[in-house]
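# Structural characterization, general
Below are the chains, spelled out letter by letter.
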Amino acid sequence: MPSMGMKNALSSSTVQWKYDVFISFRGEDTRNNFMDHLYNALRVKGINSFRDNEKLERGKPISLELLKAIEESRFSVVILSKDYTSSHWCLDELAKIIACKEDMGMIVLPVFHYVEPSDVRKQMGTFAQAFVKHEEEEEKTRVEKWRDALRQVGNLTGWHLKDTRPESQDIQEIVGWISINLKYDPFPYITKDLVGIYSRLVELESCLALGSKDVLFIGIWGMGGIGKTTLARVVYHMVSKEFEARGFIEDVREKFEKYGCVKLQKKIIKKVLMDKNLKIEEECDGVLKIKNRLCHKRVLLVLDDVHEVKQLRMLAGERNWFGPGSRIIITTRDAHVLKARRVNEIYEVKGLNDEDALQLLCLKALEKEHDLDDCIELSNHFLNYASGLPLALEVLGSFLCGKSTVEWKNALERLQKFPNESILQVLEISFNGLQKSQKEIFLHIACFFNNQRKDYVLEILDILGLYPIIGLKELTDKSLLKMMDNDVVWMHDLLEEMGKNIVCQECLDYPGKRSRLWDYEDINEVLKKNKGTEALKAMDIASTCNEQQDGCWNPEAFLKMDNLKFLRIYGTLYVHTPS
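Residues numbered from 1 in each chain as written. Predicted model: local features only at pLDDT ≥ 70, side-chain atom pairs only at ≥ 80, totals over all residues. Heavy atoms only, no water.

## Some remarks on the overall build of the chain
The cut-off we apply is this: Per the convention used, a helix needs a DSSP run of H or I reaching at least four residues, while a strand needs a run of E reaching at least two, with both numbered from the N terminus. We call a residue buried when its accessible area falls under 20% of the maximum for its residue type, exposed when it is over 50%, and partly exposed in between, using a 1.4 Å probe and counting protein chains only.
On a plain count of helices and strands, the chain comes out with 27 helices and 17 strands. Classification of the 579 residues of the chain by burial places 50% in the buried group.

## Overview of the sheet that holds strand S7 (residues 245–249)
Backbone hydrogen bonds are what pair the strands of a sheet, in a parallel or an antiparallel way. Note the following rule: Only strands joined by at least two bridges in the DSSP assignment are considered to pair. To get an axis, fit a line to the C-alpha atoms, keeping to the stretch in contact for a helix; angles then go from 0 to 180 degrees between the N-to-C directions.
In space, the five strands of this open sheet follow the order S7-S8-S9-S6-S10, with parallel pairing throughout. Looking at strand neighbours, the two that pair on one side only are S7 and strand S10 (345–348), the edges of this open sheet. Each adjacent strand pair in this sheet contributes to an overall mean axis angle of 15 degrees, direction not counted. With four bridges joining them, strand S8 (residues 299–303) and strand S9 (residues 327–332) adopt parallel strand pairing. Residue pairing for S9: Leu303 is matched across the bridge by Ile330.

## Overview of helix H21 (residues 421–432)
Note the cut-off: One less than the residue count of a helix, multiplied by 1.5 Å, gives the span that helix is expected to have. The arc in question is the one spanned by the directions pointing from the helix axis to the C-beta atoms. The criterion used for residue contact is that any of the two residues' heavy atoms lie within 4.5 Å.
Along its twelve residues, H21 runs 15 Å from first to last C-alpha, staying within 8% of the 16 Å computed at 1.5 Å per residue. Taken together, the buried positions of H21 are occupied by Ile423, Leu424, Leu427, Ser430 and Phe431. Summarising the axial view, the buried residues of H21 lie within an arc of 100 degrees, below the 170-degree limit, and thus occupy one face. Away from its buried face by more than 90 degrees, H21 exposes Glu421 and Gln425. Buried residues along H21 sit against helix H19 (390–400), helix H22 (436–449) and helix H25 (493–505).

## Comments concerning the nonpolar core
Here is the rule we go by: Take the buried Ala, Val, Leu, Ile, Met, Phe, Trp, Tyr and Cys residues and link them wherever side-chain atoms come within 4.5 Å; each set so joined is a nonpolar core.
Formed by 80 residues in total, the largest nonpolar core has its most connected members in Leu231, Phe382, Leu427, Phe442 and Ile445. Counting residues per element, this core draws most heavily on H22, which supplies eight residues. The residues touching Leu427, leaving out its near neighbours within four places in the chain, are Met223, Gly224, Arg333, Leu389, Leu494, Leu495 and Met498. Within the second largest apolar cluster, 32 residues are counted, among which are Val215, Cys261, Leu312 and Leu338.

## Details of the packing of helix H12 (residues 252–259) against helix H13 (residues 261–273)
Basically, it comes down to this: The cut-offs work like this: below 35 degrees is roughly parallel, past 145 is roughly antiparallel, 65 to 115 is roughly perpendicular, and the gaps in between are oblique. As a working rule, the residues Ala, Val, Leu, Ile, Met, Phe, Trp, Tyr, Cys and Pro are called nonpolar, Asp, Glu, Lys and Arg charged, and the rest polar, with Gly in that last group.
Contact geometry for H12 and H13: axes closest at 7 Å, N-to-C directions at 125 degrees. Considered as vectors, H12 and H13 are oriented oblique to each other. In contact with Val252, Lys255, Phe256 and Tyr259 of H12, H13 contributes Cys261, Lys263, Leu264 and Lys267. Broken down by class, the residue content of the contact of H12 with H13 amounts to five nonpolar, no polar and three charged.

## Considering the pattern of salt bridges
Threshold: We count a salt bridge whenever a side-chain nitrogen from Lys or Arg sits within 4 Å of a carboxyl oxygen from Asp or Glu.
All chains considered together, the criterion is met by 27 salt bridges. One salt bridge in this structure joins Asp36 and Arg51, with 3.1 Å as the shortest N-O distance. Within this pair, whereas Asp36 is found in helix H3 (residues 34–44), its partner Arg51 is found in the loop between strand S2 (49–50) and helix H4 (64–71), the two being separated by 15 residues in sequence. With relative accessibility at 22%, the residue Arg51 sits in the partly exposed group. Of the charged contacts, one joins Arg516 and Glu440 as a salt bridge, the two residues approaching to 2.9 Å between their closest N and O atoms. Of this pair, Arg516 sits in strand S14 (residues 516–517) while Glu440 sits in helix H22; the two residues are 76 residues apart in sequence, bridging distant segments of the chain. Each member of the pair, Arg516 as well as Glu440, carries the same accessibility label: buried. Linked through salt bridges whose partners overlap, the residues forming this network are Asp92, Glu138 and Arg142.

## Considering a negative patch on the surface
Convention followed: Patch rule: a residue counts if its relative accessible area is over 30% and it has no salt bridge; like charges are joined within 9 Å, and nonpolar side chains (Val, Leu, Ile, Met, Phe, Trp, Tyr) within 5 Å. Computed with a 1.4 Å probe, the accessible areas rest on the Shrake-Rupley method; for each residue, only the protein chains presented here act as cover. The sign given to each residue is positive for Lys and Arg and negative for Asp and Glu; His and the chain ends receive no count. We put the charge of a Lys on NZ, of an Arg on CZ, of an Asp on CG and of a Glu on CD.
Taken together, Glu102, Asp103, Glu144 and Asp148 make up a surface patch of like negative charges. The set of elements that each furnish at least two residues to the negative patch consists of helix H5 (88–104) and helix H8 (140–154). Within the secondary structure, Glu102 is located in helix H5.

## Quick word on the environment of Phe449
Among the secondary structure elements, Phe449 is positioned in helix H22. Classification of Phe449 by relative accessible area gives buried; the value is 0%. Separated by 41 residues in the primary sequence, Phe449 and Trp490 have C-alpha atoms spaced 8.7 Å apart. Each residue touching Phe449, except ones within four places of it in the same chain, is listed here: His444, Tyr456, Val457, Ile460, Leu461, Val489, Phe566 and Arg568.

## Things to note about the pairing of S8
Along any regular strand, the residues point their side chains to alternate faces of the sheet. The cut-off we apply is this: With the strands pointing away from the viewer, any crossover whose connection runs clockwise from the first strand over the helix to the second is right-handed.
Counting buried positions along S8 gives five out of five residues, so the element sits mostly inside the fold. Residues of S8 alternate between two faces, with Val299, Leu301 and Leu303 on one and Leu300 and Val302 on the opposite face, all of them buried. In this structure, S7 lies alongside S8, joined through five bridges in parallel fashion. When the sheet's bridge partners are listed, Arg246 is paired in S8 with Leu300. As for the winding sense of the linkage, the β-α-β connection from S8 through helix H15 (residues 309–315) to S9 is right-handed.

## Some points on the packing of aromatic side chains
The criterion, for reference: The pairing test for Phe, Tyr and Trp rings, Trp by its six-membered ring, is centres within 6.5 Å, and the orientation test on the planes gives stacked under 30 degrees, edge-to-face over 60, and tilted for anything in between. Placement of a charge over a ring requires the Lys NZ or Arg CZ to be within 6 Å of the ring centre, with the centre-to-atom vector within 35 degrees of the ring normal.
In total, this model carries twelve aromatic pairs according to the counting rule given. Centre to centre, the rings of Phe448 and Phe566 are 5.1 Å apart; their planes meet at 40 degrees, and the pair counts as tilted. Taken together, the residues span a long stretch of sequence, with Phe448 in helix H22 and Phe566 in strand S16 (residues 566–569) at a distance of 118 residues. Here Phe448 matches Phe566 in class, with each residue buried. Where Tyr520 meets Trp553, the ring centres are 6.3 Å apart and the plane angle is 40 degrees; that geometry is what we call tilted. Remark: Trp553 occurs in the loop between helix H27 (547–550) and S16 and Tyr520 occurs in helix H26 (residues 520–528); sequence separation between them is 33 residues. On the basis of relative accessible area, Tyr520 is assigned to the partly exposed category, the value being 24%. You can call Trp553 buried: its relative accessible area is 15%. Within the aromatic cluster, the residues linked to one another by ring pairs are Phe448, Phe449, Tyr456 and Phe566. Across from the ring centre of Tyr39, 3.9 Å away, lies the NZ or CZ of Arg51, which sits over that ring.

Below, the structure is given as structure tokens:
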């Protein structure tokens, strides 16, 4: 199925479309059959389409009106029939369409009308025969332009018509795809100022499979602050009209813990069925009422920030609770919740790329776009700090708005010493939900093992008795870690900072009473002044330390560290095995 890239979405935001769809076709092949049926199906759906009804004489040049219609269309459906390339007119149209794709963001949707896509790409069969004739009659540059356009359209994903199924099914899919994607307009109020959202919407659209009558559970998974709720909310508003009943239940984790299951069950009934008076006695009664009331309706239900399997079991337990074609969207930080309920698709929300991250920071921080020239170097430091996390970019950008470059620099220096609390609070929600052994593994990695090889980390954590094979998997599911392709354990920079901040908060003014030490100044104070305590579990004395200064350390400081189980000195490791 075709997809629309971010470049196209951004380019299209500068164009005022007159037509939704331009249809390019060879009249003698498809005018009175496939093209006509497609055009009418689009019209019935309310999609404004342009088709040229003129029967053109051979050699007649393409009209300016037709070129203008192509430029003013958001989508182009190119029906590549067997004799499409025999027409100079069609090839000129196609060359213009490809130019609009590159320059204006037009979305080009090829329909391979009983021809092989490879024949189009390689210009074989009837396409080869047509070009033999063109090369005899036309200028070489014009023919090369046609060839290049045909190669490009042949490489695009589209629909391949075959005799194995009715054309009506293909037409239904084409119209459905265009109808859905017309809703993903970058300009509606709901997507205003949401950088990078459009490309995510297009990726998620294929997971939703709105044309299917199956009941599908779709998971949206990622770390805190990555944009799961925002994405779910935009998708909800974009597709909600396709459903008989709908409801967006936000903050499931928090409300389940505060108010219990029954209140959320009532909220589902109230939002989806608009029934304010339904009484629910207890959890099982709520399950029955949700199932009995919704099983005959095509429902769109979003459960935002689900934390435990029980929450799903009580609120949207099985597919037979909902009518055919229903979609249940679940946002969570924990992939295990989704796997345990056997969702149909899991969409992982990833951080913003560098281009989008800079755009979001500038959108929040700068009053005028050209102001970026004065602080581009500082901006890069803030981008590195945020590491693509939208929450961090929004918080930092809003804070920096209206401030001078001197203040920006000072804010950056302060961040290195004092992390932004509003960002860390969101991230700490995931940490607070961990079991004790999981917390220990997380803090060890944050303080000592980020970006180190997996087998090395596993070996040490195993010696420390932390059951790391299952522990690392659980932290990965909870979006707190990633296992990179090169077998490196990777933690987002802000999660690492959060972990180190948690350790520092154990005792702000007395480093020797913290569980872990990695900072040279803190280690120096503890060892020089003999301030070690039994609270210390792990210490990493890096190879960058001042060896001359180290000579002033008091070896007796280690005698007070009864629980020190991990010590790394200049890369040499000492691990105490628990008895």
